[in-house]
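Each chain, letter by letter, is given below.
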Amino acid sequence: MANVAVVGAQWGDEGKGKIVDWLSNRADMVVRFQGGHNAGHTLVVDGKVYKLALLPSGVVQGKPSIIGNGVVVDPWHLVGEIEKIVAQGVAISPDILTIADNACLILPIHPALDVAREAAASAPGAKIGTTGRGIGPAYEDKVGRRAIRVCDLANEDDLKIKIERLRSHHDPLRAGLGLEPIDPAALLAQLLEIAPKILPYVKPAWRVLDQAQKDGKRVLFEGAQGAFLDVDHGTYPYVTSSNTVAGQAAAGSGIGPRGVGYVLGIVKAYTTRVGEGPFACELNDEVGEHLAVVGREVGVNTGRARRCGWFDAVLVRQSVAINGIDGIALTKLDVLDGLKTLKICVGYRINGEVLDYLPSSLKAQASAEPVFEELEGWSESTAGVRTFKDLNAHALKYVRRIEELIGAPVALLSTSPERDDTILMRDPFQG
Ligand code: GDP
Ligand code: IMO
Ligand code: MG
């Protein structure tokens, strides 16, 4: 089985976009299987920067790409993103892009609800710090069985019935938040206007994948967010509203679990998170500042500063288990250049006890104090290094220690945002 699933192993922004773009060269097809345009995936090719939110990162290499059923699709955002990326010289056509007909839509009522709820959340700890893009409310409508799906765009009568169903659920909610009731005629008009721009891409995506499997094609699954933003496995409730773990690659694209293949966890050489929630290794000192500035840790979509901290081996080891990670791509090693001492979290002290995993209780997560081990840093530059033997001895030691602590080998190592500043240690497509 030559397929590969790429997943974030921390709290997102590990560099999934860069690695998916690099691996696309070896794949026949790229599939997004969860999340929506809350994702922000940055690719840098010869200095040119591409920022993708909903389009699979394979499009930049011209690879056939699928937006799978597990994704929530904001059709207005998607049309805008296609226009933006086409203006950068990338070809997007129905030959390249497939949108699953059974994916659910994000409607304008969803970001409105998302933002209104966050604004109304005044109790301590009540704000999630969402991206405000309507992700949570859209997934609520999906599991509530009242969502409008991509296939509904082809039928005006279906849209009318579904808008009525949405009204009966949303209008009382909206009233409680001081929002106007839904205007059904305006929403229908908006949907009918966008439909012809979306429908040419719409297909039963599972059939495209099934055929690809039968033809022996290599599929690359592109995850969004990260394991600790997973709605089941993350730091709940400070999570996103989808499963972000590798298991979702199957359900969110319409392929059996054996089809997922090799699981590549993307791991940043330190830790970041955006939004609220527990973060044991967070640094509010000059080292945190170094990571934020040198790592340019600013959100792609929201422009928010990312919180930064030391590498958390406990977290990533847990991620290796819940994702079934076979190997990792270690990114942003270069950001650690020049730090005298490096710390790695190897346990949590909670209520006087040391644990080697993150417990589920939010209270325990919030009170966890990291237990660190220290390694010597390096003054040499690793930025742009393209061969393993050119890494200095201390950087090498740091990488080896991470492998040991998390129980997974490094398959790829990234040393700058540029596509080609990537070291291949073992090819995920070769298993
Ligand atoms: P994603 O959401 O996982 O795709 O990650 P983002 O694109 O949101 O954030 C990762 C950021 O780090 C982007 O700006 C990348 O260009 C950048 N990046 C990726 N790999 C490296 C690396 O090895 N070194 C440095 N310095 N930057 C990197
Ligand atoms: P990529 O794919 C980092 C975070 C938000 C917030 C929480 C819930 O670029 O790694 P949501 O809007 O999903 O309801 O917000 O999840 N979040 C991300 N953080 N990277 C992302 O995506 C994220 N997508 C959502 O900041 O804390
Ligand atoms: Mg991102």
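Criteria and thresholds
- Along each chain, residue indices are assigned from 1 in the same order as the chain's sequence is written.
- All chains are assigned letters beginning at A, and all ligands numbers beginning at 1, according to the order in which they are written.
- In keeping with the model being predicted, local features are shown solely for residues with a pLDDT of at least 70 and side-chain atom pairs are shown and tallied solely at 80 or more, while totals for entire chains, interfaces and linings include all residues.
- The basis for every side-chain value is the complete set of non-hydrogen atoms in the structure, without hydrogens or water.
- UniProt positions are given in the numbering used here, feature names are shortened, and annotations may be inferred rather than shown by experiment.
- In this document the domain limits rely on a domain assignment from an automatic tool or a database.
- The contact rule is simple, with two residues in contact once any of their heavy atoms fall within 4.5 Å.
- Buried surface area refers to the total accessible area, computed with a probe of radius 1.4 Å, that the two partners give up upon joining, counted for both partners together.
- Salt bridges, as used here, are contacts in which a Lys or Arg side-chain nitrogen is within 4 Å of a carboxyl oxygen on Asp or Glu.
- Where helices and strands are cited, they refer to DSSP runs of H or I of at least four residues and of E of at least two residues respectively, numbered from the N terminus.
- Think of it in three bands: with a 1.4 Å probe and only protein chains considered, a residue is buried below 20% of the maximum accessible area for its type, exposed above 50%, and partly exposed in between.

The name recorded for the protein chain in an unreviewed UniProt entry is Adenylosuccinate synthetase, from Brevundimonas bullata. Quoted verbatim from the Function (unreviewed entry) field of the UniProt record, the comment on the protein chain reads "Plays an important role in the de novo pathway of purine nucleotide biosynthesis. Catalyzes the first committed step in the biosynthesis of AMP from IMP."

### Description of the domain arrangement of the protein chain
Splitting the protein chain by domain gives domain 1 (4-103 + 201-262), domain 2 (105-198) and domain 3 (268-430). Its C-alpha centre places domain 1 at a distance of 23 Å from the equivalent point of domain 2. The interface of domain 1 with domain 2 comprises 29 residues on the first partner and 22 residues on the second. Taken together, the two surfaces of domain 1 and domain 2 that pack against each other cover about 2,200 Å², and 67% of this comes from carbon and sulfur.

### As for the pattern of salt bridges
Evaluation of the coordinates by the stated rule reveals 19 salt bridges. Among the salt bridges present, the one from Asp 21 reaches Arg 419, with a minimum N-O distance of 2.7 Å. With Asp 21 in helix H1 (residues 16-24) and Arg 419 in the loop between strand S19 (410-414) and strand S20 (422-424), the pair connects residues that are 398 residues apart, well separated along the chain. Take Arg 419: its relative accessible area is 18%, and that puts it in the buried class. Here Arg 117 ties to Glu 140 by a salt bridge, and the two come within 2.9 Å at their closest N and O atoms. One end of the pair, Arg 117, is in helix H3 (residues 109-120); the other, Glu 140, is in helix H4 (residues 135-143), and 23 residues separate them in sequence. Classification of Glu 140 by relative accessible area gives partly exposed; the value is 34%. Each of the salt bridges in this network shares a partner with another, and the network as a whole consists of Asp 13, Lys 268, Glu 297, Arg 306 and Lys 332.

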